[in-house]
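Structural characterization, general
If you want the building blocks of each chain, they are given just below.
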Amino acid sequence: QVQLVESGGGLVQAGGSLRLSCAASGRTFSRYAMGWFRQAPGKERERVAAISWNGGSTYYAGSVKGRFTISRNNAKNTVYLQMNSLKPEDTAVYYCAADRTHPLGSSRYGEYDYWGQGTQVTVSS
């Protein structure tokens, strides 16, 4: 069993930065690929970034590539999402998720094993 708790969301002006954190409980965190998803009102949940169990591989959606950076610290059971040059269209609830099956996490949110409760990110223009 893994419990995930996100933090770091908030209100920021366009062009600003935020760093999201996702703290995991349990001793098996390092066995999971981790993903960050987001969901805006009226839209489907989309994967924005993912990282393999050892941090050796990463994935970014085209809409965030070059602006967002995912990283993890297995010693601290934490995964991060550094978000720079934020845009109003980045406004959403951001979730972290753990996937024990796919090396870089599945592209399908239904295939993740554990989810956090989400943290709101609002970017004003």
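Okay, so let's go over this structure. (Residues numbered from 1 in each chain as written. Predicted model: local features only at pLDDT ≥ 70, side-chain atom pairs only at ≥ 80, totals over all residues. Heavy atoms only, no water.)

Quick word on the sheet that holds strand β1 (residues 4-7)
With antiparallel pairing, 4 strands are arranged side by side in an open sheet as β1-β3-β8-β7. Looking at the sheet topology across the chains shown, the edges are occupied by β1 and β7 (68-73). Ignoring strand direction, the axes of neighbouring strands in this sheet form an average angle of 15 degrees. Relative to strand β8 (residues 78-83), strand β3 (residues 18-24) is paired through 6 bridges, and the arrangement is antiparallel. If you follow Leu-18 over to β8, its bridge partner there is Met-83. (Pairing = 2+ DSSP bridges. Helix = DSSP H or I, 4+ residues; strand = E, 2+ residues; numbered from the N terminus. Axes fitted to C-alpha atoms, helices over the stretch in contact; angles between N-to-C directions.)

Comments concerning the environment of Ile-70
With respect to the element layout, Ile-70 can be found in strand β7. A relative accessible area of 4% means that Ile-70 is categorised as buried. Put simply, Ile-70 and Ser-7 are 63 residues apart on the chain and 14 Å apart in space, counted from C-alpha to C-alpha. (Buried < 20%, exposed > 50% of the residue type's maximum accessible area, 1.4 Å probe, protein only.)

What about the packing of aromatic side chains?
Each aromatic ring pair is summarised here by two numbers: the centre-to-centre distance and the angle between the ring planes. This model, assessed by the stated rule, comprises 5 aromatic pairs. Ring geometry for Tyr-95 versus Trp-115: centroids 6.2 Å apart, planes at 80 degrees, classification edge-to-face. Remark: Trp-115 occurs in strand β10 (residues 114-115) and Tyr-95 occurs in strand β9 (residues 92-99); sequence separation between them is 20 residues. Since its relative accessible area comes to 27%, Trp-115 is described here as partly exposed. Counting every residue linked through ring pairs, the aromatic cluster contains Phe-37, Tyr-95, Tyr-112 and Trp-115. Lying over the aromatic face of Trp-115, Arg-45 brings its terminal NZ or CZ to 4.8 Å of the ring centre. Here the guanidinium or amino end of Arg-47 rests over the ring plane of Tyr-59, the centre of that ring lying 3.9 Å away. (Phe/Tyr/Trp six-rings, centres within 6.5 Å; stacked < 30°, edge-to-face > 60°. Lys NZ or Arg CZ within 6 Å of the ring centre and 35° of its normal.)

Section: the state of the cysteines
Under the definition given, this model contains 1 disulfide. Linked covalently through their sulfurs, Cys-22 and Cys-96 form a disulfide whose S-S length is 2.0 Å. Since a negative S-S torsion denotes a left-handed disulfide, the Cys-22-Cys-96 link at about 55 degrees is right-handed. In this pair, Cys-22 is assigned in strand β3 and Cys-96 in strand β9, connecting sequence segments 74 residues apart. (Disulfide = S-S within 2.5 Å.)

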